Amino acid sequence: MDIKEFSRNIEQLTHNGQYAEALQFFKENKHRMNKIEIEKDDTVLANAIRCMTERGFYHSVLVFMEKYNIHIEPQTSRAILQNYGWSLYFAYRALINHQFSMTDFYKIDEAILQNRIVQFSQATKERTTRSIEKAKDLLINVIVKREIKKLKPDYDFILDFLENINPKLLDTKSFETTIKIKGKSKRVELQSARENYYMIYTKALLHEEKADLCVEKIEEAFGAGIKFHFYGDVWLKYLMAQAEVARWNFDKAIKLINEEVLPKKQDWFIYQTLMICYRNKCEPRIALRYAKKALEQRGELKYKTKLLSWLANIYSEMREREKELRVIALSLKIRADQGWKENLIFEIRKNEIDNYTNSSIGEMYKLVLKDLDNI
């Protein structure tokens, strides 16, 4: 048997969906081939990657690629890049769904997988085959699903991956799925890959303090032919306002929020952003009005400790000592109730709040709101 016959047999088995048989054939006959010949045969390599992927042997794909010197680069064959891209997608999806049950050759380390995904996006930046682009579409969708569920999303990974993606090549088609709400099934339309790209990329840029590029990408998103879902356009406008705050363009941020965001969304953190704007504009009384609105909006107090820190700072600057202490007392009680690490600055002031030691969180909350009544 020569390398051509070896390759032909594997390709036929793969084409017929006989993935286990193809892998078994490779295993039993590879020693009869010259290893260098195998390394030069892109068809054999691509089919082997596909068969291992179809069998769920994601770790084995990486071992195989190392053993046969497969480098993921722009000049790598289309067939290898396509099958490798799909392998990464299915591996990442398996990681989401079965992370703690994956063992042996099924198991793949998340950090290694993320590294390979970035490598794949770099190598295929200028490759525009439909199969490669479809793999990228789906990778973006599963990465969004995974990262938004994390308490601390891996923004470095998101940026490294997405900065090598051309959004013009991403799919703009939405897709439907069935979800259950209070026991009832409902069909909903989900975001396209292009919409997900802009939603998560701009958020990552802002988090990494790249406000200029964040604004540029948001402006690009509104001209990208996207059908937005779940108020995506409103949240992008809010993100733009936050980027303007980071650039110290407070008036521009205020205008964006008042004209583009608040008519459709009134979440507490939006009012918090307005509070920050007016505080930095040295207009503390207006800032306090928005602090009150933020505190009154629906949302558990444990999520508003940063808001309380801002409020305490404003009172401190206004020399409103008793009001400041009531805010500090409320914040300390919330942190203690949640078992969180203590706020060092507030802890230093702890001996000043003896009058409120026996008050409950609810009682302190009412006192703080009362202080804001007559602003």
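Quick notes on the rules
- Residues numbered from 1 in each chain as written.
- Predicted model: local features only at pLDDT ≥ 70, side-chain atom pairs only at ≥ 80, totals over all residues.
- Heavy atoms only, no water.
- Helix = DSSP H or I, 4+ residues; strand = E, 2+ residues; numbered from the N terminus.
- Buried < 20%, exposed > 50% of the residue type's maximum accessible area, 1.4 Å probe, protein only.
- Contact = heavy atoms within 4.5 Å.
- Polar contact = N/O pair within 3.5 Å; in protein donor to acceptor, adjacent residues only side chain to side chain.
- Salt bridge = Lys/Arg side-chain N within 4 Å of Asp/Glu carboxyl O.
- Pairing = 2+ DSSP bridges.
- Axes fitted to C-alpha atoms, helices over the stretch in contact; angles between N-to-C directions.
- Parallel < 35°, antiparallel > 145°, perpendicular 65-115°, else oblique.
- Left-handed = near helix turned anticlockwise from the far one by under 90°.
- Nonpolar A, V, L, I, M, F, W, Y, C, P; charged D, E, K, R; others polar.

**Student:** Please explain the environment of S121 as it appears in this structure.
**Tutor:** Along the chain, S121 turns up in helix 7 (residues 110-123). For S121, a relative accessible area of 0% puts it in the buried group. Separated by 98 residues in the primary sequence, S121 and E219 have C-alpha atoms spaced 23 Å apart. Once residues lying within four places of it in the same chain are set aside, the contact partners of S121 are K136, D160, F161, N164 and I165. At a separation of 3.3 Å, a polar atom in the side chain of S121 contacts the main-chain carbonyl oxygen of F161.

**Student:** Looking at this structure, how should I read the pattern of salt bridges?
**Tutor:** Scanning the model with the defined rule gives 26 salt bridges in all. For the salt bridge of D137 with R130, the shortest nitrogen-to-oxygen distance reads 3.5 Å. R187 is the salt-bridge partner of E176, the closest N and O atoms lying 3.5 Å from each other. Here E176 is found in strand 1 (residues 175-181), whereas its partner R187 is found in strand 2 (residues 184-190), with 11 residues between them in sequence.

**Student:** Just to check I follow, could you spell out the environment of E21 for this structure?
**Tutor:** Relative to the assigned elements, E21 resides in helix 2 (residues 19-29). Overall, E21 belongs to the partly exposed group, its relative accessible area being 41%. E21 sits 30 residues away from C51 along the chain, and the two C-alpha atoms are 9.2 Å apart.

**Student:** I would appreciate a short explanation of the pairing of strand 2 in the present structure.
**Tutor:** Sheet faces and side chains relate simply in a regular strand, where the side chains alternate between the two faces. Note: strand 1 against strand 2, seven bridges, orientation antiparallel. Residue pairing across strands places I179 opposite K186, the latter belonging to strand 2. The antiparallel pairing of strand 1 with strand 2 creates a hairpin that spans two residues between the two strands, and K182 there sits at a positive phi of about 55 degrees.

**Student:** Looking at this structure, how should I read the side chain of T76?
**Tutor:** Looking at the secondary structure, you find T76 in the loop between helix 5 (58-67) and helix 6 (78-98). Taking the relative accessible area as the measure of exposure, T76 reaches 8% and is therefore buried. Engagement of the side chain of T76 in a polar contact is seen with the backbone nitrogen of E73, the distance being 2.9 Å. When residues no more than four places from it in sequence are discounted, the contact partners of T76 are H71, L81 and R127.

**Student:** I'm lost on the packing of helix 1 (residues 3-15) against helix 2 in this one. Help?
**Tutor:** Geometry of a packed helix pair, given as the angle between the helix axes and the separation of the axes. For the pair helix 1 and helix 2, interaxial distance at closest approach is 8 Å and the crossing angle is 160 degrees. With respect to helix 2, the axis of helix 1 lies roughly antiparallel. Our pair here, helix 1 against helix 2, has a crossing hand that is left-handed. Across from F6, N9, I10, L13 and T14 in helix 1, the residues of helix 2 making contact are Y19, E21, A22, F25, F26 and N29. Grouping the amino acids of the contact of helix 1 with helix 2 by side-chain chemistry returns seven nonpolar, three polar and one charged.

**Student:** How should I be thinking about helix 9 (residues 155-162) in this particular structure?
**Tutor:** An α-helix turns once every 3.6 residues. As a result, residues three or four positions apart point the same way. Burial runs high along helix 9: six of the eight residues are buried. Taken together, the buried residues of helix 9 touch helix 6, helix 7, helix 8 (130-147) and helix 10 (193-207).

Shape is all these values report; function is a separate question.
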